[in-house]
Amino acid sequence: MEISFNSTVLASMLRIATPLTLASIGCLLCQRAGVVNFAMEGFMLMGSFVGVAAVIFSNGNVWVGFLFAMLSGALISAIFALSVVNFKANQVISGIAINLLCSGATTYLLRTIFKVPGTIRADDINKLETLDIPFLDKIPVVGEALNHHTIITYLAIILVMITFVVLFKTEFGLNIRAQGESEDAVKTAGINPKRVQWNVILISGALSGLAGAYLSTVIVSSFTIDMVQGRGFNTFTAVVFGNAHPIAVWLVTLLFGYADAVGIQIELLGTGISPSIIKMFPYGLAIVALTISSGSAMNRNIGRPSKMKQLVGRILKKPVSETNEETAK
Amino acid sequence: MKWYSSIIDVCKTILRQILLIAVSIGLATLFLSVSGYEPFSILQGMWKGVTSDLASMVRWSTGLILAGLAVCVTFKAEIWNLGIDGQIYMGGAAAAALALALPEGSQFLSVSAMVIVGMLAGMLYAMIPALLKVFFETNEVVSTLLLNFIAIRFVEYLVSGPMQDPTSITKLNASQKLPLWTWIPRLKIFDPSPANIGFYFAIVAVIIIAFVFYKTKLGYEIKIIGTNANLGVYGGMKPKWVTVMVMCISGALAGLIGVIEVAAVQHRLINAFNPDFGFDGIVVSLLANNNPVGIILSGLFFGNLRNAGIAMERVTETPSAITDIVMAIVILTITANFAIPRIRNIIKRKKMNKEFTPNRAGSEN
Amino acid sequence: MAYAVELLDITKKFPGVVADDNVSLFVEQGDIHGLIGENGAGKSTLMNILYGYTQPDSGVIKLFGEETKIQSPHVAIQQGIGMVHQHYMLMPNLTVLQNIILGRVPKKGLLIDEKAAKVKINKIIESFQLHIDLNARISQLSVGQKQRVEIIKALYRDARILILDEPTAVLTPSEIDKLILVLRELKNQGKTIIFITHKLREVLAVTDNLTVMRKGVVTGRLTTKETDTHELSRLMVGRDIDLRIPMADYQPGEEVIKVSNLSVFSKRNLQAVKDVSFSIKSGEIVGIAGVEGNGQTELIEAISGMTRIEGGEIQFMGEKINKFSVRRRREKGMSHIPEDRLKIGLSKSCTIRDNLILNWYYKKPYCKASVLDNGKLQSLSEKLCKEYQIKTPDSRYKLGTLSGGNMQKVVFAREVSSDPRLLIAAQPTRGVDIGAIEYIHHKIVELRDKGKAIMLVSAELDEIMSLSDRILVMYEGCIVAQFRRGEADQQTIGMYMMGAKKQEAGIV
């Protein structure tokens, strides 16, 4: 369709996906380390509030905003870490509590510090410039789409690559993956599991905080109550969908960004499909992906070949090899 | 001798909960005074809630008690239904759809039909994650949460599309006002508050659920499977069946909340009509230790707290968001509280030098 | 004579039990040393101490002549001790290489230096013939291959002493042969090996010296060449103890349960029960002897309906019950005292009453139209408490308030009072005090005299021998021997339990 793939839409996609990408990096690291991190919504909210507040207090300096947003995200994530790692509280419930805490805290601080009912604006913000990368203009569609973004967007993409390398090629990443597989193995290897989990939680706090600040200082320059609007949960969905693999997760966040961008387009064009329906799709897809992955995991645990293999085997009338180790080697 | 111990147990639990609440409110009061507000405005608001503004407390507790029930039914079976909000939406939407289609008739019949349809909708919506869990071992935490978002969007779609009010001049995201004969009556003594007879539904629901827990086969099976799933299998129970039953009950209760909000409070289907009763229900149930009767008290408390926040804001300009903070602290302290005995065990074990032994199935020393 | 490991007068107590009582272990350098005994002998605890999982109450540890303290596995590794666990500590979705280097990662700058790691590991592989594909995922490996990874892990950390805990428990015969070759090569290169097992065949084939333990004490230190299965069995299992309980004459009646060619797979998808056939008649106690882990758990689960049956048939009172649910089997007259009462048979946080009524709550008159009659259930539980001497003032107290023996009585009361035709009693007196043991034994005999069929599964040979009319020995998933009461003594049965012998004739 002509509407769908022009550079404007793709550029929107990248812009919209940026905060998701940033937050999802932290979330996937947590997932790899065995921590179900549901608190990104709260981290992002905190980051978006503190980001704007810091900008206002520093007379328009965006970078100060980013810095403090990341710090505040990390601080809140420390509460989460304490609860979940040290006190071994239920991860999901703690995540929900943190989200509630941040929602209440940001609204409260908004009213208290700024004495404003719903929104604060940072009018004198030195908005982030968009970069102009010369050679990109020459590449049709894609190049144009990639050009003229703020540095944060490019940072997000670079971070995805870095995360890939770190996760799969460094000791830090290996320890994270090991922790997610078997805490026993990690302990026997002399690594402190708590330290590994704290690390990933703090990282996710900082990155989510940055993502939140991006929302409130780059996309708009204001903070509104509950402005994160479920993006934190989208992040979690993206991580599950992408199986906690940096590249796959990144692509999913792009998919979400695309859906949003196209949704806006469609709204502008006034076609029949309600944007609400389109917004549903990521969640629906996520449930399907989740079901497929848990179904095959279930069969893996029992040692039975996945239902797909069984089905195929029966159709082809071939004996399906069970993972019976007695017969192997 | 027999009655003593259980009463003492109950008292101990209540005391513990009261302590938690006191700590959280204490912290909140501290926040308030530090930020320059009237430190006791929360307590003032809560006192008002019990004395002069009973109406709002009733209005909020209705949903909170039902939500707490919906939560405790599943949590007792160690199943995490976090999709209550979504089920509320589906219940409300179904009820509204039926209401707009019903011909004029008896209020009793119409409302009954709406209640049944709403509860059915919530139940069916809850069956989705239940079946996914039973057949594919899909984690219900994630599936129910995802379904929440779908439900929210679905209602959003309904009110901005097919069910949008054709008679209004401005295009609001809301359905047509529901006809009078489909309204759930409000409590006249509390006029003009939206407090309604749904409160009685909630109390009745508590009685029914308590009955199920303590006096039925299902209740016993929930208790056993919730504390030791192996025991359930060994004793011949069917954990999968219990999973489905429990989620259905939970979904039905959630659907009821939706019906009440739509037919008694809003009198129409509007976008985002659910003030997050589902999440709050988790706190309500946790605070009551998943005990149905305790949920009445807990629900009333949070209803009061909610209302106090709103009132507080009106009167003293203290943000009602402080109630969210209080609730969050309560949740965190409760989940950590349940972990404190665990920590005590860990410390005890360290002292006995059972520090770290890998999972040695079968071998004994 | 230089010792690699000296454990001197190690004592370790747990609540209610002395796991190790002044145990001393001497392992020479370059030795392949076998540490043998049944479950509960104390050998696992001893190795836990050596590997730093737990600390001894008293005693001294010396490594290569120097006294030392081992506070954690990390310290143990640093001191050159490597352990290959019975249940592997591997990460299924990571590669062999990654599993090996975890915690000791060679780096080039910020990145993992896989090449350097591969060089070192390949050297180990070549030296000891431990061939394995470093890029394979653990989940794709066979059990024998996984074990290799564990061994390489230990060697990669420069282990000089290797502890192998029941290494042959899950290996095929050919894998065992390969393992033996590896061990010999390790010994050639100066490594010291401690080989923990209850299997006599392998121990005699592989080791140079042996230490035998029984019930927390060392019962023998021998040179492998100079001993045989008879002597070892005697040391492991002890002399005959006569716990005779007066029993009626042995007059078995009709066949209650008949198991034919039963095959069951374990949770790890290995065949745990291999073509097992036997039957139990009313009025008889059939004891299944064997060290834990030889398929008894899976056999019980298959009979009680908790696990799928892969092959064969079970007939109960003449009916084929393969597809019957757990509840249906119970209704037909099967009762089951589980071997791990806390894991499967009880709920500690529920009340005593809740635990007692498990078999009745859904039946009339206690339950009508799904509504429970709490009054009747309370009377029932009070009656049971009295009848079975469960020491509690009120059955509405939580189960956790009872002692181990009383908890077992709750299980007993529940399972026996339903008047079953077949009672499966698995480790019925484990963790139970003497008084309760006596009570349970008498009750079992009482049931048998009344004409019930009883399947007794126990790792306590004394118990089996004193109670059983017939004894079946299970080893590696098969029934390897069958005896009538009095036909064999403890040593003989012990030998079959340890895999030293196998009866040829068909067993019913």
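Remember, predicted model here, so these are calculated numbers, not experimental data.

Rules and cut-offs
Residues numbered from 1 in each chain as written. Chains lettered and ligands numbered in written order. Predicted model: local features only at pLDDT ≥ 70, side-chain atom pairs only at ≥ 80, totals over all residues. Axes fitted to C-alpha atoms, helices over the stretch in contact; angles between N-to-C directions. Helix = DSSP H or I, 4+ residues; strand = E, 2+ residues; numbered from the N terminus. Parallel < 35°, antiparallel > 145°, perpendicular 65-115°, else oblique. Left-handed = near helix turned anticlockwise from the far one by under 90°. Contact = placed C-beta atoms within 7 Å. Nonpolar A, V, L, I, M, F, W, Y, C, P; charged D, E, K, R; others polar. Buried ≥ 20, exposed ≤ 12 C-beta atoms within 10 Å, placed from the backbone. Core = buried A, V, L, I, M, F, W, Y, C linked by C-beta atoms within 7 Å. Pairing = 2+ DSSP bridges. Domains from an automatic or database assignment.

Looking at the packing of helix H7 (residues 198–215) of chain B against helix H10 (residues 239–266) of chain B
The axes of two packed helices give the description: the angle between them and the distance between them.
Residue and element names in this part refer to chain B.
Turning to step 1, where the next piece is worked out: Where H7 contacts H10, the two axes come as close as 10 Å, and the packing angle between them is 170°. Of the possible angle classes, the one that applies to H7 and H10 is roughly antiparallel. For the pair H7 and H10, the sense of crossing is right-handed. Residue-level inspection shows Gly198, Phe201 and Ala205 of H7 in contact with H10, the latter providing Leu253, Leu256, Ile260 and Ala264.
Turning to step 2, where the next piece is worked out: Each residue belonging to the contact of H7 with H10 can be placed in one class, and the counts come to six nonpolar, one polar and no charged.

As for unusual backbone geometry
Turning to step 1, where the next piece is worked out: In this chain, lysine 364 of chain C is followed by proline 365 of chain C through a cis amide linkage whose omega measures -5°.
Turning to step 2, where the next piece is worked out: Mapped onto the secondary structure, proline 365 of chain C falls in the loop between helix H12 (352–356) and strand E19 (367–368).
Turning to step 3, where the next piece is worked out: Unusually for a residue other than glycine, histidine 267 of chain B sits at a positive phi of about 60°.
Turning to step 4, where the next piece is worked out: Residue placement: histidine 267 of chain B occurs in the loop between H10 and helix H11 (277–287).
Turning to step 5, where the next piece is worked out: The buried category is assigned to histidine 267 of chain B, around which 20 C-beta atoms lie within 10 Å.
Turning to step 6, where the next piece is worked out: Despite not being glycine, glutamine 129 of chain C shows a phi value in the positive range, around 60°.
Turning to step 7, where the next piece is worked out: Tracing the chain through its elements places glutamine 129 of chain C in the loop between helix H4 (114–128) and helix H5 (143–156).

Observations regarding the environment of alanine 481 of chain C
Residue and element names in this part refer to chain C.
Turning to step 1, where the next piece is worked out: Within the secondary structure, alanine 481 sits in strand E24 (residues 478–484).
Turning to step 2, where the next piece is worked out: A C-alpha to C-alpha distance of 47 Å links alanine 481 and glutamate 67, two positions 414 residues apart in sequence.
Turning to step 3, where the next piece is worked out: Beyond its immediate stretch of four places on either side in the chain, alanine 481 contacts Val473, Tyr496 and Gln503.

Digging into the interface of chain A and chain B
Turning to step 1, where the next piece is worked out: Chain A puts 39 residues into the contact, and the matching count from chain B is 38 residues.
Turning to step 2, where the next piece is worked out: Looking at the side of chain A that touches chain B, the elements that each hand over two or more residues are helix H4 (91–114), helix H8 (183–188), helix H10 (231–241) and helix H12 (275–302) of chain A.
Turning to step 3, where the next piece is worked out: Here the element with the most residues in the side of chain A that touches chain B is H4 of chain A; it accounts for 14 residues.
Turning to step 4, where the next piece is worked out: Of the residues contributing to the side of chain A that touches chain B, the split by class is 19 nonpolar, 15 polar and five charged.

Focus on the nonpolar core
Turning to step 1, where the next piece is worked out: In this structure, Leu69, Ala263 and Ile325 of chain B together with Leu50, Ile163 and Val473 of chain C are the most contacted members of the largest nonpolar core, which totals 378 residues.
Turning to step 2, where the next piece is worked out: Setting aside residues up to four positions removed in sequence, isoleucine 163 of chain C forms contacts with Met47, Leu50, Tyr51, Ile81, Met83, Val84 and Ile194 of chain C.

A few points about the interface of chain C and chain A
Turning to step 1, where the next piece is worked out: Taken residue by residue, the interface counts 25 residues in chain C and 22 residues in chain A.
Turning to step 2, where the next piece is worked out: Put simply, the parts of the chain that give the side of chain C that touches chain A at least two residues each are helix H2 (73–78), strand E8 (111–112) and H5 of chain C.

Focus: the sheet that holds strand E14 (residues 271–281) of chain C
Residue and element names in this part refer to chain C.
Turning to step 1, where the next piece is worked out: Here we have four strands laid out as an open sheet, ordered E14-E13-E16-E17, and antiparallel in their pairing. Each end of this open sheet is capped by a strand with a single partner; those strands are E14 and strand E17 (319–320).
Turning to step 2, where the next piece is worked out: Running at roughly 60° to E14, helix H9 (residues 296–304) makes contact with strand E13 (255–265), E14 and strand E16 (311–316) of the sheet.

Considerations on the domain arrangement of chain C
Residues and elements named next belong to chain C.
Turning to step 1, where the next piece is worked out: Domain assignment breaks chain C into domain 1 (3–237), domain 2 (241–333 + 420–508) and domain 3 (343–403).
Turning to step 2, where the next piece is worked out: Here the C-alpha centroids of domain 1 and domain 2 sit 33 Å apart.
Turning to step 3, where the next piece is worked out: Secondary-structure elements contributing two or more residues to the side of domain 1 that touches domain 2 are helix H7 (200–206) and helix H8 (229–237).
Turning to step 4, where the next piece is worked out: Tallying contributions element by element places H8 first for the side of domain 1 that touches domain 2, with six residues.
Turning to step 5, where the next piece is worked out: Residues belonging to the side of domain 1 that touches domain 2 are distributed by class as follows: five nonpolar, five polar and four charged.

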